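Listed below are the residues making up each chain.
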Amino acid sequence: MHTLPPSEPPEPGRAGALGVARTRLEGPGKVTGEVRYAADEPVEGLAFGYLVTSPVTRGRIRHLAADAIREMPGVLDVIDHTNAPRLNPAAGSYFGPDGNLQLLQSAEIPYAGWPVALVVAETWEQARRAAAALPVDYEQRTHDIAFAADHPAARPALDLFGPEAALGDLDAELDASAVLVDERYRTPEEYCSAMEPHCATAWWDGADLHAVDTNQGPWIVAGALSALFDLEPRRVHIRAEHVGGGFGSKGLCGPQLILAVMATTRTGRAVQVALSRTDVFLITTMRPPTDQRVRIGADLDGRFRALHHEAAFAISPLVEYIEGCTELTKTLYAARAIHTGLTAVPLDTVPPYSMRAPGAAPGSFALESAVDEVAERLGMDPIALRLRNEPAAGPVSGLPFSSHQVAACLREGAHRFGWSARDHRPRRRREGHLLVGTGVATTSFSVGAFPSSASITAEPDGTFTVSIGAADIGTGARTALTAVAAQALGVDIGRIRPIRIADSDLGAAWSAGGSRGTTSWTWAITEAAARLRDASEGKPLPVTVTVDTANLLGALADCERHAFSAIFAEVTVDPATGEVRVRRLLGMFAIGQVINPLLARSQVVGGMIGGLSMALHEEGVRDQVTGRLINANFAGYHIAAHADVPEIEADFVPDYEPGIPLGVKGAGEIGNVGTAAAIANAVWHATGVRHRTLPLRLDRLLEAPVG
């Protein structure tokens, strides 16, 4: 009789499977092409769908002449608002009913790029040719894409994340301040730009619906899909085995999946719908533009008396959303008065949703730029100013921090960066014709866990099978969770069989998003490991234990939980051309127990590159006449390329998150937060000119002369 061998999990902080730099388990498969992404999945009898999208920003379809292309070679079906399967209008996301899911349900067009038809054919080429030939007559209506904080339709944002801050007498503290910064900061709409376009293949097997999709959470997407099509949840099976990046754009039930299900339902064939790169820009999510006013009042010694942060952001009338730009203002600094507010501005654009470091990335640019402006007016070292205003507890909530390593990040980063040699006055350093400057920003991102389930089987051969509905969107989740399982079981990592993930049939699991994926999955795996030992004692193997953490999360102590970092940047500015080059980036991070330093560093370095891209390049531009996105491709929508990326150093200060199994925090978002602000602060230090609008384009620097 085989039984589970005796072993005790290592104590927190003891040497074990955690903290070891291991390469990704799926790495060889990815570099050799063996790994299959959603578009690579072989399915018998596969047909292909191709989208037809609206060129008008707001209006309706007068007539769609589907009969004109039905007889074209290979065409199997033309699906539009007259014949598409009916969808549940109450289906939605975290923010309520989502009109962006209601594809092909009416003749109304809410934004440019809205799908008006799907052509299904035997081959992708036949579907594309027929889609291009489909005659559609549109009625155009007046559209509104003019984002402004004082827009007549502006209204208070949804308070789903809790009320905004209203601590202390703001006006009195501002009036009593010796120094006052009162400025506006603006960021444009930005796009997630994942390498892999959105793709789904769907088919029916009797009464069961199956799909291979590119998404960040199969279980959550399966739930949304079952609600949308009024299907029993147990009949919906979604897999997302390998995903080529997401950054938030694959966090919801995507248009590719909805349309693929419609097509397989009507044709009886397995159907694949892959979005073109332009489609990805036009009909998947974006980070909304923001217009933020920040007021900071301080005494002459640098202590803040008042913080006031008001942020307006665009939304779509189709669905609610919250771009929480003010969260850092409620977290990073102490002040007698802290007031924040969020304003939503409905516009005729694709609905925004969470893009990596949602809210925090644009919010940090505004807040950390304003903090630097206070240091500038006081003639203080920006690091000294930040340390002077470090809070002892949550500045607004009053709750204790679970851990608070901002000062450690700043001090260690300053030491490594050589900050002490910096002349804090601007325009003091030149190298030839180039102006050189350095800047810093402190950051935070809230962390925690959401309910997830996991199963572990103790096998007769002494190995363990771990199953959890996690998603690996390129972050190395398989590798990290294998180490977590080994640590929790107290066994060598070689005894963990290839982990089973990315399948909705594996049970409820949080998605890869919000810096809560790894934390949520770790909790479920460690709890399953603990219960497995009790359940298997004296019993023949195999033995399987399944747990759900939904009832465990409430036991967490009531406190503020955040990851923290300090970002340092060195830039050069060419005063003749306005060109900004980032020469050095350094990030020091407090992310709790580091499971795998190699993967964690990859995460935060990738985030810093995203922040660099935000600072210098990324900007969705719309034609004011047509309302259509002009640069819906990588030729026009610029992202950081290899030539833009400098030497990047990233490391971690000792940290541990109490109450969370193994002391982990999320690393997904914190790399992005603060990088754009650090770069903007460095550009001011180089030039003496403050720029409060992103990106820091050549023309903007030349319009504010720097030479």
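The sections below set out a description of the structure shown in this document. Residue positions are given per chain, counted from 1 along the sequence in the order it is written. Given that this is a predicted model, residues contribute local features only at a pLDDT of at least 70 and side-chain atom pairs are listed and counted only at 80 or more, while totals for whole chains, interfaces and linings are drawn from all residues. Hydrogens and waters are ignored; side-chain quantities use all the structure's heavy atoms.

What about the overall build of the chain?
Every helix listed is a DSSP run of H or I at least four residues long, and every strand listed is a run of E at least two residues long, numbered separately from the N terminus. Summing up its helical and strand segments, the chain has 15 helices and 28 strands in all. The globule rule puts the C-alpha radius of gyration for 707 residues at 27 Å, and the 26 Å found for the chain is close to it. The dimensions of the chain, computed from C-alpha atoms along their principal axes, are 75 × 75 × 50 Å. Burial here depends on accessible area, computed with a 1.4 Å probe over protein chains only, as a share of the maximum for the residue type. Under 20% is buried, over 50% is exposed, and the range in between is partly exposed. The burial tally for the chain puts 61% of its 707 residues in the buried class. The atom set for the radius of gyration is the C-alpha atoms, and the globule formula is 2.2 Å times the number of residues raised to the power 0.38.

Section: the pattern of salt bridges
The working definition used for a salt bridge is a side-chain nitrogen of Lys or Arg within 4 Å of a carboxyl oxygen of Asp or Glu. Counted according to the given criterion, the structure contains 54 salt bridges. The closest approach of N and O atoms between glutamate 164 and lysine 330, which form a salt bridge, is 3.6 Å. Of this pair, glutamate 164 sits in the loop between strand E9 (155-156) and strand E10 (166-167) while lysine 330 sits in the loop between strand E19 (304-315) and strand E20 (337-346), and the two are 166 residues apart along the sequence. Assessed through its relative accessible area of 26%, glutamate 164 is described here as partly exposed.

A few points about the nonpolar core
In these notes, a set of buried Ala, Val, Leu, Ile, Met, Phe, Trp, Tyr and Cys residues joined through side-chain atoms within 4.5 Å is what counts as a nonpolar core. Core analysis: the biggest nonpolar cluster contains 84 residues, and Phe304, Phe568, Val571, Phe589, Ile591 and Ile679 have the highest contact counts within it. Here this core gets 10 residues from one element, more than from any other, and that element is helix H8 (residues 360-378). Note on contacts: a residue pair is in contact if any heavy atoms of the two residues lie within 4.5 Å. Beyond its immediate chain neighbours, meaning those up to four positions away, isoleucine 679 contacts Ala569, Val571, Val582, Leu585, Leu612, Ala615, Leu616 and Leu696. Val119, Ala202, Ala263 and Ile283 belong to the second largest nonpolar core, which has 67 residues in total.

Observations regarding helix H11 (residues 477-489)
To estimate how far a helix should reach, multiply one less than its number of residues by 1.5 Å. Helix length check: H11 (13 residues) gives 18 Å between terminal C-alpha atoms against 18 Å at 1.5 Å per residue, within 8%. Extensive coverage of H11 is indicated by the burial of 13 of its 13 residues. Of the residues trailing H11, glycine 490 is marked for its positive phi of about 70°.

Here's the deal with the pairing of strand E14 (residues 208-213)
Counting buried residues along E14, five of its six residues qualify, which places the element largely inside the surrounding structure. Here, strands pair whenever DSSP counts at least two bridges between them. Direction of pairing for strand E13 (residues 199-205) relative to E14: antiparallel, over a ladder of six bridges. By the bridge assignment, tryptophan 203 is partnered in E14 with histidine 210. Here E14 runs beside strand E15 (residues 236-239); their pairing, made up of four bridges, is parallel. When the bridges of E15 are listed, alanine 211 appears paired with isoleucine 238. With helix H5 (residues 218-228) bridging E14 and the parallel E15, this β-α-β connection has right-handed handedness. We call a crossover right-handed when, viewed with the strands running away from us, the connection from the first strand over the helix to the second turns clockwise.

A word on the side chain of threonine 549
Relative to the assigned elements, threonine 549 resides in the loop between strand E25 (543-548) and strand E26 (562-573). Threonine 549 gets classed as buried once you look at its relative accessible area, which sits at 0%. Aside from chain neighbours lying at most four places away, what touches threonine 549 is Phe450, Pro451, Ser452, Trp523 and Ala524.

Describing the state of the cysteines
Each disulfide is one covalent bond, formed between the sulfur atoms of two cysteines. Any two cysteine sulfur atoms within 2.5 Å of one another count as a disulfide. Inspection of the entire model under this criterion finds zero disulfides. Cysteine 253 takes part in no disulfide bond, and the closest cysteine sulfur to it belongs to cysteine 199, at a distance of 14 Å. With relative accessibility at 7%, the residue cysteine 253 sits in the buried group.

A look at the environment of threonine 23
In this structure, threonine 23 sits in the segment before helix H1 (27-32). The contact partners of threonine 23, leaving out residues within four places of it in the chain, are Thr479 and Leu598.

A look at the packing of H11 against helix H12 (residues 517-536)
Interaxial distance between H11 and H12 falls to 9 Å at its minimum, and their mutual angle equals 30°. Taken together, the axes of H11 and H12 are roughly parallel relative to one another. The element H11 and its partner H12 pack so that their crossing is right-handed. Between H11 and H12, the contacting residues are Ala477, Leu481, Val484, Ala485, Ala488 and Leu489 on the first element and Trp521, Thr522, Ile525, Thr526, Ala529, Leu532 and Arg533 on the second. When the residues that make up the contact of H11 with H12 are grouped by side-chain class, the tally is 10 nonpolar, two polar and one charged. Between N-to-C directions, angles cover 0 to 180 degrees, with each direction set by a line fitted to C-alpha atoms, over the stretch in contact for helices. Each angle is binned into one of four classes, with values under 35 degrees roughly parallel, values over 145 roughly antiparallel, values of 65 to 115 roughly perpendicular, and all other values oblique. Crossings are classed by handedness, with left-handed meaning an anticlockwise turn of the near helix from the far one by less than a right angle and right-handed meaning a clockwise turn. Three classes are used, and their members are as follows: Ala, Val, Leu, Ile, Met, Phe, Trp, Tyr, Cys and Pro are nonpolar, Asp, Glu, Lys and Arg are charged, and the others, Gly among them, are polar.

Quick notes on the sheet that holds strand E3 (residues 75-79)
Pairing is mixed in the open sheet, where seven strands are placed in the order E3-E7-E1-E16-E13-E14-E15. At either margin of the open sheet sits one strand with a lone partner, and together these are E3 and E15. Pairs of neighbouring strands in the sheet enclose a mean axial angle of 20°, with direction left out of account. The pairing of strand E1 (residues 47-53) with strand E7 (residues 115-121) spans six bridges and is classified as antiparallel. Counted as the bridge partner of valine 52 is alanine 117 from E7. Here helix H3 (residues 124-133) sits on the sheet in contact with E1, E3 and E7, set at roughly 25° to E1.

Quick word on unusual backbone geometry
Cis geometry marks the peptide bond from leucine 541 to proline 542, where omega comes out at 10°. Along the chain, proline 542 falls in the loop between H12 and E25. Here the residue pair leucine 694 and proline 695 is connected by a cis peptide bond, since its omega of -5° sits within 30 degrees of zero. The topology assignment puts proline 695 in the loop between helix H14 (675-687) and helix H15 (698-703). The phi dihedral of serine 193 falls on the positive side, at around 60°, and the residue is not glycine.

Quick notes on the packing of helix H13 (residues 597-616) against H14
Closest axis-to-axis distance for the H13/H14 pair is 7 Å, and the angle between their directions is 50°. In terms of orientation, H13 lies oblique with respect to H14. When the axes of H13 and H14 are compared, the crossing they make is right-handed. The residues of H14 that touch H13, namely those facing Met608, Gly611, Leu612, Met614, Ala615 and Leu616, are Thr675, Ala676 and Ile679.

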